[in-house]
Amino acid sequence: MHIQHDISLKPYNTFGIEAIAKHFVSVSNISELKEVLAFNEYPDKLILGGGSNMLLTKNQNKLVIHVNLKGIEILSENDDFVHVKANAGENWHEFVLWCMKNNFGGIENLSLIPGNVGTSPIQNIGAYGVELKDTFISCSAISLENLSIYNFDKSACNFGYRDSIFKKQEKDKFIITSVTFKFSKRNHKLHVNYGTIASELEIMNISNPTIQDISKAVISIRESKLPNPKIIGNSGSFFKNPVISIHEFENLLQNFPEAPSYSVSDKEVKIPAGWLIEKAGFKGKRFGDYGVHKNQALVLVNYGEAKGSDILKLSKLIQKTVFRLFNISIEAEVNIL
Ligand code: EPU
């Protein structure tokens, strides 16, 4: 382990934005991590996982700590279930594929989500009717304050839609070092009701899907809709889908009777932000090296050398326009740094 200086963060963020880290260190075990966190000469630290949920808008004068803790371990199992612990630096999608190979069910719908295992609980990643919290047992995290390791069970994490305690009360106070999951080994509970999955399975001519089939269907849907960050820089959904009251929804329907929605409770509905942004005319719009993806208006993209500040400016223009047209605020899902 050694501290490097003036390192480009371009390879470390899926948006592919150029920004310089004044100090940078990659840690591959807990004792290195503790050692680095104890350094007094760099009081300001930025924790970097898979870099898939951030927009870098400037150079970083802090010490950037790349959490590269690897390893997957089976903690316990019986005929029906298995408890698996994955360390924070494991790539999320490779972990999903490892589960598919072992026939461990639970996260097949979360195939191809960019990022690492360690950051998955922070925003309770979710897709196609499944969220991380559905298989989550606990996570270990190191306190930046006293360097002790704490265990957070599911209720302590207070998971919500793209939300957890690590985005609220405990924001920037912990580094997640590992996550423990409970997966099924047989009689898998399949989630195929999310519209596009059912139709994708039909196209694949599969009527009795396995978890591996579902993973393949999700990969195919994501590949057709979402840009591959290795080719076109992006951070997945840039915005969260806004949750509005039934009353606000009724007002929206008066002007836009075709507005889609997902039910949240008897008081609230969620509106796909992608629809609002498309309706506002931004889908597929390109401004030089950045723009809005042509197949999914929720995704802002970097075609090459875009600056983070350009993308931030575009996101603000989108928020302002959506608010002006629909009176609905949409909130960024990615962390702006
Ligand atoms: N829509 C449009 N235009 C668009 C995009 C979407 O009109 O350009 C409308 C359509 O009505 C469509 C509906 O939005 O039927 C839903 O679209 P989609 O199924 O693509 O889902 P989403 O609500 O746009 C969410 C997640 C995605 C996740 C998908 C599938 C958020 C912010 N995004 O998107 O997550 O993959 O559902 O479950 O909740 C991510 O977080 O990075 C991400 C990609």
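Residues numbered from 1 in each chain as written. Predicted model: local features only at pLDDT ≥ 70, side-chain atom pairs only at ≥ 80, totals over all residues. Heavy atoms only, no water.

Secondary structure summary: the protein contains eight helices and 20 strands in total. Taken over the C-alpha trace, the protein has a radius of gyration of 20 Å; the compact-globule value for 337 residues is 20 Å, and the two agree within 12%. Projected onto the principal axes, the alpha-carbon positions of the protein cover approximately 60 × 50 × 35 Å. Of the contacts made within the protein by residues no fewer than 6 positions apart, 60% connect residues no fewer than 24 positions apart. As displayed, the protein offers around 16,300 Å² of accessible surface, 48% of which is attributable to carbon and sulfur atoms. Separation between the mean location of the 37 positive side-chain charges and that of the 35 negative ones in the protein comes to 4 Å. (Helix = DSSP H or I, 4+ residues; strand = E, 2+ residues; numbered from the N terminus. Rg over C-alpha atoms; globule rule 2.2 N^0.38 Å. Contact = heavy atoms within 4.5 Å. Areas by Shrake-Rupley, 256 points an atom, 1.4 Å probe, with all protein chains shown as cover. Lys, Arg positive; Asp, Glu negative; His and termini not counted. Charge placed at Lys NZ, Arg CZ, Asp CG, Glu CD.)

Right, let's talk about the site of the ligand for a bit. The environment of the ligand is formed by 23 residues, the closest being Tyr128, Tyr161, Arg162, Ser237 and Glu278. Between a nitrogen atom of the ligand and a side-chain N or O atom of Glu278, the distance comes to 2.6 Å. In isolation the ligand offers 820 Å² of accessible surface; the protein chains occlude 82% of this area. At the level of secondary structure, the elements contributing two or more residues to the shell around the ligand comprise α5 (211–225) and α7 (273–279). (Near = heavy atom within 4 Å. Polar contact = N/O pair within 3.5 Å; in protein donor to acceptor, adjacent residues only side chain to side chain.)

Moving on to unusual backbone geometry. Although it is not a glycine, Asp6 sits at a positive phi angle of roughly 50 degrees. Even without glycine at this site, Leu112 takes up a positive phi of about 65 degrees. Relative to the elements of secondary structure, Leu112 occurs in the loop between α2 (92–101) and β8 (126–127). Overall, Leu112 belongs to the partly exposed group, its relative accessible area being 27%. (Buried < 20%, exposed > 50% of the residue type's maximum accessible area, 1.4 Å probe, protein only.)

Here we take up the sheet that holds strand β17 (residues 286–287). What the four strands build is an open sheet, ordered β13-β19-β18-β17; its pairing is antiparallel. Each end of this open sheet is capped by a strand with a single partner; those strands are β13 (233–234) and β17. In the sheet, strand β18 (residues 290–292) pairs with strand β19 (residues 300–302) via three bridges, with the strands oriented antiparallel. Bridging from a neighbouring strand, Tyr290 pairs with Asn302 of β19. (Pairing = 2+ DSSP bridges.)

Here we come to the environment of Ser199. Within the fold, Ser199 resides in helix α4 (residues 195–203). C-alpha separation for the pair Ser199 and Lys85, spaced 114 residues apart in sequence, amounts to 33 Å. Looking at Ser199, its side chain comes within polar contact range of the main-chain oxygen of Thr196, at 3.3 Å.

Our next topic: the environment of Asn187. With respect to the helices, strands and loops of the structure, Asn187 is situated in the loop between β12 (174–184) and α4. For Asn187, a relative accessible area of 72% puts it in the exposed group. Here the alpha-carbon distance between Asn187 and Asp80, two residues 107 residues apart in the chain, equals 7.8 Å.

It is worth spelling out the packing of α4 against α5 at this point. Put simply, α4 and α5 touch, their axes get as near as 9 Å, and they point 105 degrees apart. Classified by the interaxial angle, the pair formed by α4 and α5 is roughly perpendicular. Contact with α4, carried on its side by Thr196, Ile197, Glu200 and Leu201, involves Asp213, Ala217, Val218, Ser220 and Ile221 of α5 and no other residues of that element. When grouped by side-chain class, the residues that make up the contact of α4 with α5 number five nonpolar, two polar and two charged. (Axes fitted to C-alpha atoms, helices over the stretch in contact; angles between N-to-C directions. Parallel < 35°, antiparallel > 145°, perpendicular 65-115°, else oblique. Nonpolar A, V, L, I, M, F, W, Y, C, P; charged D, E, K, R; others polar.)

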